[in-house]
Number of protein chains: 2
Amino acid sequence: MSIKQVAKEAKVSTATVSRIINDSSSVSPATASRVWRVIRKQNYYPNTHARTLVSGRSRILGLIISDISNPFFPDVVKGFEDVALQNDYEVILTSTNYDARRMASCVRRMVENKAAGVAIMTSEMNRELIGDLARRGIPIVFLDVGKARNRMSNICVDYAQGIREAVDHLCALGHRRIGFISGPMNLKSARTRRSAFLHCLNEYHLAEDSGLIAEGNHKIDGGEVAMYRLLKLKKRPTAVLTSNDLTAFGALRAIHHVKLRVPDDISIVGFDDIELGQFTQPPLTTVRLPRVELGRMAYDALSRLLHGSSKRGSVYRIETHLVVRSSTSTAPDAHSSGRPARS
Amino acid sequence: MSIKQVAKEAKVSTATVSRIINDSSSVSPATASRVWRVIRKQNYYPNTHARTLVSGRSRILGLIISDISNPFFPDVVKGFEDVALQNDYEVILTSTNYDARRMASCVRRMVENKAAGVAIMTSEMNRELIGDLARRGIPIVFLDVGKARNRMSNICVDYAQGIREAVDHLCALGHRRIGFISGPMNLKSARTRRSAFLHCLNEYHLAEDSGLIAEGNHKIDGGEVAMYRLLKLKKRPTAVLTSNDLTAFGALRAIHHVKLRVPDDISIVGFDDIELGQFTQPPLTTVRLPRVELGRMAYDALSRLLHGSSKRGSVYRIETHLVVRSSTSTAPDAHSSGRPARS
DNA sequence: GCGCATAATGTAAACGTTTACATCACACAC
DNA sequence: GTGTGTGATGTAAACGTTTACATTATGCGC
């Protein structure tokens with residue numbers, strides 16, 4: 001059961017066994033193979049906790065997300081976990097449930113478990129808590145937070161690119177009144193997406209009409225309610241971008257409910273490209289955010305912070321691109337004036 | 001940083017600090033509050049690994065699933081995690097990716113991390129591996145495996161109930177040719193669902209026509225392909241049950257693609273009731289399997305095994321029920337002969 | 001004031017590893 | 001034969017806790 005018993009049966013010291021398990025450096029092949037035999041025979045597994053205790057390094061990586069039942073996250077988790085596992089790291093997954101207080105407990109758990117590094121894939125942030133981790137020398141990877149410092153890297157999603165492609169696409173189809181359904185404005189990621197949209201509108205010299213912007217909650221019901229609001233406008237938008245796909249699903253639902261058709265009467269563009277978007281009626285045109293890759297990148301960033309030569313963090317970039325399906329088409333009121341020039 | 005420093009600053013022994021952190025039994029309130037002050041001031045967190053090492057108990061629970069990006073699992077994970085956390089357990093999540101070999105590594109990781117208990121929510125099983133856990137005295141909770149033994153409990157999903165309700169519902173609507181799209185037959189859970197369906201058909205004295213049974217893969221594409229097969233039948237079914245919702249989504253897609261209508265031409269019933277089922281076109285009639293509750297129950301079962309008086313495991317039962325939405329309606333060829341009697 | 005139960009606290013061993021350092025055997029140069 | 005470098009192995013301390021046991025202080029009955 002313990003290294004001692006292995007050592008005893010193999011007639012070597014515990015030090016030798018330890019060396020064999022870990023690096024095999026400077027141990028004779030003969031002894032090594034004999035000890036390996038005993039290890040297999042006894043079905044011995046080293047005790048992680050003892051290892052961590054003495055060596056100080058833990059081979060545990062923390063992954064903090066908002067909520068696993070938000071379809072954005074499973075792929076991120078998968079990407080992160082797969083590659084972490086391949087490198088013999090254990091992953092501890094915690095969720096904030098969008099609640100800043102639970103963030104504190106997430107961080108505490110990371111510290112208690114002596115996580116070697118932490119990837120924070122949620123935007124509920126807390127300066128002090130981060131400081132807590134930093135002070136303990138734990139490398140951190142953030143999502144969409146602008147700074148790279150010592151032992152802190154940052155993954156920046158280029159929302160603007162995808163949104164630009166979407167607006168581009170809609171303008172080409174003759175749309176001029178383009179609405180937007182945002183996420184909850186207390187969420188950093190929602191604000192980022194929203195401002196990328198507004199910025200883009202400017203580039204196209206389209207009037208920024210705050211009436212065309214509704215706030216959702218990044219869930220289906222919120223998207224539905226927000227879409228009803230936009231539909232009640234006397235001059236309703238001919239196309240609507242949404243802050244995430246679930247919101248778009250809600251919008252589709254609302255439109256269907258008032259007996260309008262997508263894309264004939266209204267075009268809808270989602271964001272994220274969750275798998276189910278292919279199967280809505282009609283299949284959803286959306287901006288793809290590669291989530292598995294995001295998870296993988298979070299691991300890579302962490303790994304570089306852990307094993308890299310420099311302790312200085314970096315900023316990584318994830319691209320987003322439009323995926324055209326069937327929820328967008330020509331604007332119903334399209335004149336032949338063509339698309340506006342990009343500024 | 002360590003208990004010693006706390007002890008030193010509070011002018012007590014490490015034993016006293018330990019007692020204060022853990023049980024507070026037989027330590028004077030005065031000392032306790034003084035020590036707590038120091039703990040907070042130093043921002044001290046006990047080292048989990050040291051704790052586990054000496055005490056032998058680990059407050060880590062293992063959760064083994066197939067694949068987090070299968071929409072069945074996030075809710076299970078959520079249910080399990082939430083209640084585990086409330087009870088100060090850490091959760092280690094591992095995925096088999098439907099691969100028996102990876103199951104071995106999942107189990108090894110559980111042992112290495114000295115998990116206090118393990119919930120295995122996937123049907124890829126392996127006798128030896130389980131024995132490995134059992135021999136180490138680690139309590140286990142299974143899903144849909146019939147035995148309860150020492151330190152082993154089992155959660156049984158009552159698939160039959162929900163399927164019975166579904167067939168009942170379809171028969172009441174005049175359907176006689178009811179098809180079934182199964183999951184991959186190498187999956188235990190898929191086989192269980194399939195045989196529950198066949199059994200039910202018997203109860204209704206409906207002919208068991210193997211041509212009406214197609215094999216999918218529990219994913220959308222598989223459901224789609226399987227549905228095409230059923231549609232090509234010279235006497236195609238008027239209603240189709242599916243082994244899970246994703247399969248049903250695929251079926252909807254296939255039907256839509258050949259310009260038939262759901263439910264007018266064909267009724268579809270899913271299984272699981274994943275959230276997105278409400279938002280398909282039409283919203284999916286399905287059998288609800290309460291996943292969050294399943295996760296919670298897995299924790300409870302584990303907890304009882306850990307802290308309960310008896311080491312003997314139990315069998316728990318999860319009910320499934322039909323949720324009627326809009327993907328089912330009267331059979332197109334319905335005669336007025338009424339529904340067949342239940343045997 | 002004495003003895004004794006009880007409450008509060010301290011001492012030190014133990015948990016299973018890793019690792020710096022010590023030891024040993026051996027070969028090789030001189 | 002002596003010294004010295006090297007490769008293989010052993011010894012023992014250390015990691016940060018918990019906990020059985022020991023010790024000390026406190027209060028109470030008589």
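This one's a predicted model, so the numbers in the text were calculated from it and none came from an experiment. (Residues numbered from 1 in each chain as written. Chains lettered and ligands numbered in written order. Predicted model: local features only at pLDDT ≥ 70, side-chain atom pairs only at ≥ 80, totals over all residues.)

**Student:** When you look at the overall build of chain A in this model, what are you seeing that I'm missing?
**Tutor:** A count of helical and extended segments in chain A gives 12 helices and 12 strands. Against the compact-globule benchmark of 20 Å for 343 residues, chain A has a radius of gyration of 26 Å, which places it well outside the compact range. Over its C-alpha atoms, taken along the principal directions, chain A stretches across nearly 90 × 40 × 35 Å. Split into buried and exposed, the 343 residues of chain A put 46% on the buried side. In chain A, once contacts between residues fewer than 6 apart in sequence are set aside, the share between residues at least 24 apart is 70%. (Helix = DSSP H or I, 4+ residues; strand = E, 2+ residues; numbered from the N terminus. Rg over C-alpha atoms; globule rule 2.2 N^0.38 Å. Buried ≥ 20, exposed ≤ 12 C-beta atoms within 10 Å, placed from the backbone. Contact = placed C-beta atoms within 7 Å.)

**Student:** What should I look at first to understand the sheet that holds strand β12 (residues 321–323) of chain A in this one?
**Tutor:** Residues and elements named next belong to chain A. With mixed pairing, the 6 strands of this open sheet are ordered in space as β7-β6-β8-β9-β10-β12. The sheet is open, and its two edges are formed by β7 (213–215) and β12, each paired on a single side. The average angle at which neighbouring strand axes cross in this sheet is 20 degrees, direction not considered. Where strand β10 (residues 285–288) and β12 come together, 3 bridges link them in antiparallel fashion. Within β12, the residue paired with Arg288 across the bridge is His321. (Pairing = 2+ DSSP bridges. Axes fitted to C-alpha atoms, helices over the stretch in contact; angles between N-to-C directions.)

**Student:** I keep staring at the interface of chain B and chain A and nothing clicks. Help me out?
**Tutor:** Interface extent is often summarised as the accessible area lost during association of the parts. Taken together, the 31 residues of chain B in the interface contact 31 residues of chain A. Counting only elements with at least two residues in the side of chain B that touches chain A, the list comes to α4 (48–55), α5 (73–86), β2 (90–95), α6 (100–112) and α11 (245–257) of chain B. Grouping the constituent residues of the side of chain B that touches chain A by class yields 14 nonpolar, 8 polar and 9 charged. (Nonpolar A, V, L, I, M, F, W, Y, C, P; charged D, E, K, R; others polar.)

**Student:** Please explain the relation of the copies chain B and chain A as it appears in this structure.
**Tutor:** Related by rotation about an axis and a shift along that axis, the two copies of the chain form a pair. For the match of chain B to chain A, the screw axis carries a shift of 0.1 Å, the RMSD comes to 0.2 Å, and the turn is 180 degrees. Seen this way, the second copy is the image of the first under a two-fold rotation axis. In terms of C-alpha distance to the rotation axis, chain B has B:His49 as its closest residue, with the C-alpha 2.3 Å off the axis. Looking at chain B, 100% of its interface residues are interface residues in chain A too, so the copies touch through the same face. (Least-squares fit on C-alpha atoms with pLDDT ≥ 70 in both.)

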